[in-house]
Amino acid sequence: MSLPLSQSSSGLPIGIQIVGRFGDEATLVRVARDLEEVRSWIGRRPKVQAGRTEGDSGI
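Residues numbered from 1 in each chain as written. Predicted model: local features only at pLDDT ≥ 70, side-chain atom pairs only at ≥ 80, totals over all residues. Heavy atoms only, no water.

Engineer: Help me understand the overall build of the chain in this model?
Structural biologist: Counting secondary structure elements, the chain contains one helix and four strands. Starting at the N terminus and ending at the C terminus, the chain contains elements arranged as β-β-α-β-β. Going through the 59 residues of the chain one by one, you find that 14% of them count as buried. Of the roughly 4800 Å² that the chain leaves accessible, carbon and sulfur atoms contribute 57%. (Helix = DSSP H or I, 4+ residues; strand = E, 2+ residues; numbered from the N terminus. Buried < 20%, exposed > 50% of the residue type's maximum accessible area, 1.4 Å probe, protein only. Areas by Shrake-Rupley, 256 points an atom, 1.4 Å probe, with all protein chains shown as cover.)

Engineer: Can you walk me through the pairing of strand 1 (residues 2–7) in this structure?
Structural biologist: In the sheet, strand 1 pairs with strand 2 (residues 13–17) via five bridges, with the strands oriented antiparallel. Directly across from P4, in strand 2, lies its bridge partner G15. (Pairing = 2+ DSSP bridges.)

Engineer: Would you mind showing me how to read the pattern of salt bridges here?
Structural biologist: Oppositely charged side chains can pair when the atoms bearing their charge come close. This structure, assessed with the given rule, holds one salt bridge. With a shortest N-O distance of 3.1 Å, D34 and R33 are connected by a salt bridge. The class of D34 is partly exposed, set by a relative accessible area of 37%. Residue class for R33 comes out partly exposed when judged on its relative accessible area of 45%. (Salt bridge = Lys/Arg side-chain N within 4 Å of Asp/Glu carboxyl O.)

What follows is the structure, given as structure tokens:
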């Protein structure tokens, strides 16, 4: 499972990948839930998105 966990100094996401035992996806989901509670990603947006910079209207 891959999770965004932090941001670089330029605002780009830095992720981690976690793996578990074969067939034990429930543990991965619990770990991901716990990390999300501690390091919530909601509201964080990179300054650059697919060729756009912050403040660019995209038009």
